[in-house]
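Residues per chain are reported as follows:
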Amino acid sequence: MVTEAKKTEVEELHKAFDEAKVALLANFSGVTVEDVDVLRRKLRGANTRLKVVKNTLARIAVKGTGCESAGGLFKGPVTVALGYGDDISATAKVFLDFAKGKEENLKILGGVVDGSFVGPDVVKKLASLPPKPVVQAMFLGLLQAPARNFLGVMEGAARKFLYAVNAIAEKKKEQGQG
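In what follows, the accompanying structure is described. (Residues numbered from 1 in each chain as written. Predicted model: local features only at pLDDT ≥ 70, side-chain atom pairs only at ≥ 80, totals over all residues. Heavy atoms only, no water.)

**Observations concerning the overall build of the protein**
Here is step 1: What the protein contains, in helices and strands, is six helices and five strands.
Here is step 2: Relative to the compact-globule value of 16 Å for 178 residues, the protein shows a C-alpha radius of gyration of 28 Å, a clear excess of over 25%.
Here is step 3: Dimensions of the protein along its principal axes, counting C-alpha atoms only, are 110 × 35 × 25 Å.
Here is step 4: Looking at the protein residue by residue over its 178 residues, the buried ones come to 34%.
Here is step 5: Sequence-distant contacts, at least 24 apart, represent 81% of the contacts inside the protein between residues at least 6 apart.
Here is step 6: On the protein, the mean spot of the 27 positive side-chain charges and the mean spot of the 20 negative ones are 4 Å from each other. (Helix = DSSP H or I, 4+ residues; strand = E, 2+ residues; numbered from the N terminus. Rg over C-alpha atoms; globule rule 2.2 N^0.38 Å. Buried < 20%, exposed > 50% of the residue type's maximum accessible area, 1.4 Å probe, protein only. Contact = heavy atoms within 4.5 Å. Lys, Arg positive; Asp, Glu negative; His and termini not counted. Charge placed at Lys NZ, Arg CZ, Asp CG, Glu CD.)

Structure (structure tokens):
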């Protein structure tokens, strides 16, 4: 029997899955309520919401969203971390940092990043990436390097020429020809 509350919950979940840039799913059997609250607080700082979902409702809600490919993971006690910020690695970092030491109770099942399904190993690699501003700075550094190196070579040649002219001038000055 479908109730209004379930319809509303499915609609809210659908909207949340549709807007999320990253969704990480984990089996959390044996994790205490206090631990879940701690994880929720930590994830808020990464612009991420943690949801404990009913699997049947979640499978319905992901249809037609970028998270649809993860629909098969909704089995057993599943929690979903939905990241909405530009730094998609932040969600994975917080989640995996929290999971250290709790691997027997909190198992990463996989996730979706910008509409593409990723397995647990990719989630771990994602967590090892530097934050987006750092990656952007590294990329800009790579773009600037050839111009900077060329400028250094040109300045070096001009500097050597000026040293040579200065040395000739000093030598002529010593010889009294200046």
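**What about the pattern of salt bridges?**
Here is step 1: Applying the stated rule across the entire model yields two salt bridges.
Here is step 2: The salt bridge involving D37 is made with R40; its shortest N-O contact spans 3.8 Å. In this pair, D37 and R40 both sit in helix α2 (residues 33-44), three residues apart, roughly one turn of the helix. (Salt bridge = Lys/Arg side-chain N within 4 Å of Asp/Glu carboxyl O.)

**Looking at the nonpolar core**
Here is step 1: L24, L39, L43, L50, F95, L106 and V123 are the most contacted members of the largest nonpolar core, which totals 25 residues.
Here is step 2: Secondary structure elements with two or more residues in this core: β1 (22-27), α2, α4 (88-99), β4 (107-113) and α5 (120-127).
Here is step 3: Of all the elements, α4 adds the most residues to this core, at seven residues.
Here is step 4: V123 has contacts with L24, A92, L96, I108, G110, G111 and V118, leaving out every residue within four places of it along the chain.
Here is step 5: Core analysis: the next-biggest nonpolar cluster, separate from the first, contains 21 residues, A20, V53, Y84 and V112 among them. (Core = buried A, V, L, I, M, F, W, Y, C linked by side-chain atoms within 4.5 Å.)

**Some remarks on the environment of Y163**
Here is step 1: One can find Y163 in helix α6 (residues 132-175).
Here is step 2: Looking at Y163, the relative accessible area reads 56%, which means it is exposed.
Here is step 3: Linking Y163 and G111, residues 52 residues apart in sequence, is a C-alpha distance of 62 Å.

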